[in-house]
Amino acid sequence: MVPVSIVIITKNEAALIAHCLEMALLITDDIVIVDNGSTDETLNIVKQYGCRFYHKNWGGYGANKNKGIELARYNWILSIDADEVPDMELVLALYDLDLRDPNIVYDIKFRSFFGKKLIRHGSWGRDHHLRLFNRTLVKWSEPEVHETLILPADIQIKKLTGNINHYSVQNINECNSKAIHYARLSAKQYMISGKKATFSKLYFSAAFGFVKNYLFRLGFLDGAEGFNIALMIYKNTRLKYAYLKLCEKGEFIADNSQVKSNNLIVELTN
C-alpha cells in the first residue's frame, strides 16, 4: 500500500462509488468518507469496502474536504470524488513516488466522460487538477463553490502519469441539473464577495464561453455530447449572473442560509 490517505466527500453516490472504491483500495488502506446525509445505499456500499465513514453537515465543498483531511491517517492526501476513478497507470505511478518531500503538489490529468463517451475536446478534454498533496502544508479553500488548494509560495508542482476517469454526467438531464445547481451556488458566493451582475457578464460572458468551448477548443468534434457540454457551460454562466441579479434585488431564493449584503437580507435555499 502507498502511505497516502484517500478522502472522498459524498451525498447519495450509490450509483457510482463502488467503482471508485475498487480502484482506491489498490492504492491505500486508509479511505476516509465524509458524508452529507446520504439517503440511498451509499453508507452500506462504503461499509462493504471497509472505509472509514463520517457524517458532517454541509459546510461547502472545501470545508467538508478539509474535515476529511483532518481525519486521515497519513499526511499525504489524494482527494477524489465518488464519480472519479483512478486508472491503473495512475495507481502504478503512485507506488513509484518518493513521498519524502512535503513541498510538492501533484497535478493529475482527467479523462472526462459524458455517459459512456470519452470527451476529447473542449474544456473537458484538457482537464487536469492538483489532487495529491501533503496536509502539513496544503489545504482547501472554503468558498461555497469552486474550492481550490491553498498553496505556499515556494511549492513545487509536478505532473503524475496516469489519469483520473471522471464520470461527470450520465445524460442530458443530469447535465442541465448540474448547470443549475452550480449556478445557484456561484450566485450566492458572488453576492457574498460583492461581485456584481454587470451588463457584459449577463449578456456576453455566456455566449463567449459557448463559442470558446464549442468552436475554439473543438468541442464540436465530440458530436452531440460536445454541443451539450458547451450548452451546459452557457447555461451555467448565464444563470449564475441572472440569479445574482435577482439576489441583488432581494428576489432570489438559493439555499437555506441567510446572506446579508449592503443592508439586503436574502433567504437562500437549495
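Residues numbered from 1 in each chain as written. Predicted model: local features only at pLDDT ≥ 70, side-chain atom pairs only at ≥ 80, totals over all residues. Heavy atoms only, no water.

### Things to note about unusual backbone geometry
For the record, the criterion: For every residue, the accessible area (1.4 Å probe, protein chains only) is compared with the maximum for its type, and the residue is labelled buried under 20%, exposed over 50%, or partly exposed between those bounds. Numbering of helices and strands runs from the N terminus, with a helix taken as a DSSP run of H or I at least four residues long and a strand as a DSSP run of E at least two residues long.
Despite not being glycine, Asn12 has its phi angle at roughly 55°, a positive value. Overall, Asn12 belongs to the partly exposed group, its relative accessible area being 34%. Phi is positive for His146, which is not a glycine, with a value near 60°. The topology assignment puts His146 in the loop between β9 (139-140) and β10 (149-150).

### A closer look at the pattern of salt bridges
Worth spelling out the cut-off: Counted as salt bridges are all cases of a side-chain nitrogen of Lys or Arg within 4 Å of a carboxyl oxygen of Asp or Glu.
Tallying each qualifying case throughout the model produces 9 salt bridges. For Lys178, the salt bridge goes to Asp83, with nearest N and O atoms at 3.9 Å. In this pair, Lys178 sits in helix α5 (residues 172-193) while Asp83 sits in the loop between β4 (76-79) and β5 (84-86), placing the two residues 95 residues apart along the sequence. The class of Lys178 is partly exposed, set by a relative accessible area of 22%. Note that Lys159 is salt-bridged to Asp107, the shortest N-O span being 3.2 Å. Placement of the pair is Lys159 in strand β11 (residues 156-169) and Asp107 in strand β6 (residues 104-114), with a sequence separation of 52 residues.

### What to know about the confidence of the model for the chain
Here is the rule: Confidence of the predictor in every single residue is expressed as pLDDT, which spans 0 to 100. Should any heavy atoms of two residues lie within 4.5 Å, those residues are considered in contact.
Per-chain confidence: the chain averages 91 in pLDDT, with 93% of residues scoring 70 or above. Contacts for the low-pLDDT stretch residues 254-270, under 50 throughout, to residues beyond four places or in other chains number 48 contacts.

### Some points on the packing of aromatic side chains
Rules: Between the rings of Phe, Tyr and Trp (Trp by its six-membered ring), a pair exists once the centres lie within 6.5 Å; its type follows the angle of the planes, with under 30 degrees stacked, over 60 edge-to-face, and the other angles tilted. Whether a charge lies above a ring is judged from NZ of Lys or CZ of Arg, which has to be within 6 Å of the ring centre and within 35 degrees of the ring normal.
Taken as a whole and judged by the stated rule, the model has 12 aromatic pairs. Taking the centre distance of 6.2 Å and the plane angle of 25° together, the rings of Tyr61 and Tyr182 count as stacked. Of the two residues, Tyr61 sits in helix α3 (residues 61-71) while Tyr182 sits in helix α5, which places them 121 residues apart along the sequence. A relative accessible area of 27% means that Tyr182 is categorised as partly exposed. Ring centres of Phe199 and Phe204 lie 5.9 Å apart, and the angle between their planes is 70°; on these two criteria the pair is classed as edge-to-face. Residue Phe199 is classed as exposed on the basis of its relative accessible area, which comes to 56%. Every member of this aromatic cluster is reached through a ring pair, and the members are Phe210, Tyr214, Phe220 and Phe227. Stacked on the ring of Trp140, the Lys or Arg Lys65 has its end atom at 4.4 Å from the ring centre. A cation sits over an aromatic face here: Arg184 above Tyr243, 5.3 Å from the ring centre.

### Observations regarding the environment of Asp96
By secondary structure assignment, the location of Asp96 is in the loop between α4 (88-95) and β6. Sequence separation of Asp96 and Glu248 is 152 residues, and the distance between their C-alpha atoms is 52 Å.

### Looking at the environment of Phe216
Mapping Phe216 onto the fold places it in helix α6 (residues 199-216). In this structure, the C-alpha to C-alpha distance between Phe216 and Ile27, residues 189 residues apart in sequence, is 38 Å. With residues up to four places along the chain from it excluded, the contact list for Phe216 reads Phe208 and Val211.

### Thoughts on α6
Rule in force here: By definition here, a helix of n residues has an expected span of 1.5 Å times n minus one. Each residue is assigned a bend, namely the angle between axes fitted to the seven residues that terminate at it and the seven residues that start at it.
An ideal rise of 1.5 Å per residue puts 26 Å on 18 residues; α6 measures up with 24 Å between its terminal C-alpha atoms. By the largest-angle criterion, Ser205 marks the main kink of α6, which is about 35°. What α6 keeps buried is the set Leu202, Ala206, Gly209, Phe210 and Asn213.

### Details of the nonpolar core
We count it as follows: Here the nonpolar core consists of buried residues drawn from Ala, Val, Leu, Ile, Met, Phe, Trp, Tyr and Cys, with membership extended through side-chain atoms lying within 4.5 Å.
Ile8 and Leu78 are the most contacted members of the largest nonpolar core, which has 32 residues in total. Where this core is concerned, the elements lending two or more residues are β1 (4-10), α1 (17-24), β2 (31-35), α2 (42-48), β4, α4, β6 and β11. Sort the elements by how many residues they give to this core and α1 lands first, with 5 residues. Membership of the second largest hydrophobic core comes to 16 residues, among which are Val34, Ile77, Trp140 and Ile155.

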